[in-house]
Amino acid sequence: IVLGEASRMHVARQSRGYDPRWLWQARGVAASAGTLFVRAYERGDAKAVAAFYTEDAIAFPPGAEMVKGRAAIQQMWQETMDSGVKSLSFTVIDVGASGDLAHETGTALMNIQPAGKDPTTASIKYAVVWKKQGNDWKLHRDIWNDLPAK
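Small disclaimer: the values here were computed from a predicted structure and weren't measured.

1. Re the side chain of Lys138
Mapped onto the elements, Lys138 comes out in strand β6 (residues 136-146). It is Asp136 that comes nearest to the buried, bridge-free Lys138 among opposite-charge side chains, at 5.1 Å. Polar contacts involving the side chain of Lys138 include one to the main-chain carbonyl oxygen of Ala51, which spans 2.6 Å.

2. Here's the deal with the packing of aromatic side chains
A complete count under the given rule lists seven aromatic pairs for this structure. Here the aromatic rings of Trp77 and Trp144 are separated by 5.7 Å at their centres, their planes lie at 20 degrees, and the arrangement is stacked. Taken together, the residues Trp77 in helix α4 (residues 70-82) and Trp144 in strand β6 connect sequence positions 67 residues apart. Summarising the burial analysis for this pair, Trp77 and Trp144 share the class buried. An aromatic cluster is built from Phe37, Tyr41, Phe52, Tyr53, Trp77, Phe90, Tyr126 and Trp144, whose rings are joined through pairwise contacts.

3. Describing the nonpolar core
Counting residues in hydrophobic clusters, the biggest one holds 34 residues, and the most contacted among them are Phe37, Tyr53, Ile73, Trp77 and Leu88. Here the element with the most residues in this core is helix α2 (residues 26-42); it accounts for six residues. Filtering out sequence-adjacent residues up to four positions away, Phe37 remains in contact with Val49, Phe52, Tyr53, Trp77, Leu88, Phe90 and Leu139.

4. Brief notes about α4
In this model, α4 (13 residues) spans 18 Å end to end at C-alpha, consistent with the 18 Å of a helix rising 1.5 Å per residue. Those residues of α4 that fall on the buried side of the exposure criterion are Ile73, Met76, Trp77, Thr80 and Met81. When α4 is viewed along its axis, its buried side chains cluster within an angular range of 140 degrees and face the same direction. Facing away from the buried side of α4 by over 90 degrees, the exposed positions are Ala71 and Asp82.

5. What about the environment of Thr107?
By the element assignment, Thr107 lies in strand β4 (residues 101-112). You can call Thr107 partly exposed: its relative accessible area is 25%. Each C-alpha atom of the pair Thr107 and Ser123 lies 7.2 Å from the other, and the pair is 16 residues apart in sequence. Not counting the four nearest positions on each side in its chain, Thr107 is found in contact with Ser89, Phe90, Thr91, Ile93, Ile124, Lys125, Tyr126 and Leu147.

6. Observations concerning the pattern of salt bridges
Pairs may arise between side chains of opposite charge once their charged atoms sit close together. Scanning all chains against the criterion turns up two salt bridges. Between Asp45 and Arg43 there is a salt bridge, with its nearest N and O atoms 3.8 Å apart. Assessed through its relative accessible area of 29%, Asp45 is described here as partly exposed.

Analysis parameters
- Residues numbered from 1 in each chain as written.
- Predicted model: local features only at pLDDT ≥ 70, side-chain atom pairs only at ≥ 80, totals over all residues.
- Heavy atoms only, no water.
- Helix = DSSP H or I, 4+ residues; strand = E, 2+ residues; numbered from the N terminus.
- Buried < 20%, exposed > 50% of the residue type's maximum accessible area, 1.4 Å probe, protein only.
- Lys, Arg positive; Asp, Glu negative; His and termini not counted.
- Salt bridge = Lys/Arg side-chain N within 4 Å of Asp/Glu carboxyl O.
- Polar contact = N/O pair within 3.5 Å; in protein donor to acceptor, adjacent residues only side chain to side chain.
- Phe/Tyr/Trp six-rings, centres within 6.5 Å; stacked < 30°, edge-to-face > 60°.
- Core = buried A, V, L, I, M, F, W, Y, C linked by side-chain atoms within 4.5 Å.
- Contact = heavy atoms within 4.5 Å.
- Expected span 1.5 Å × (residues − 1).
- Arc of directions from axis to C-beta.

Okay, structure coming up:
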């Protein structure tokens, strides 16, 4: 489902002369990918979420060891879903690109409903490195940490 949605979004962008190789277009690509990532997450599809990553991607979750490779990242996201994190929403703050790499920074909200506990929301900051593979941009490095409570 996610790959089909990504393909349709890619065709739509191309039909409007939108080529994600150019720096000024990177923000739209990041926002589109973020929307698809959230849709896959909210469906509880850890495999589709992991498909956004390169095979040799590394995630750096807070307070944990590095998670290396797409299969391990899929397991990490499945465990996150199982822990009660029900939904995510991203706000892209900055995007830049050079060649086949791009970087993105932003904030996100995680809506959490652990079993038998009151719902809560966690605010995080993140930085990711995207890597172009063929016509697709994939997450290559992904790090996030909690924002201070307000």
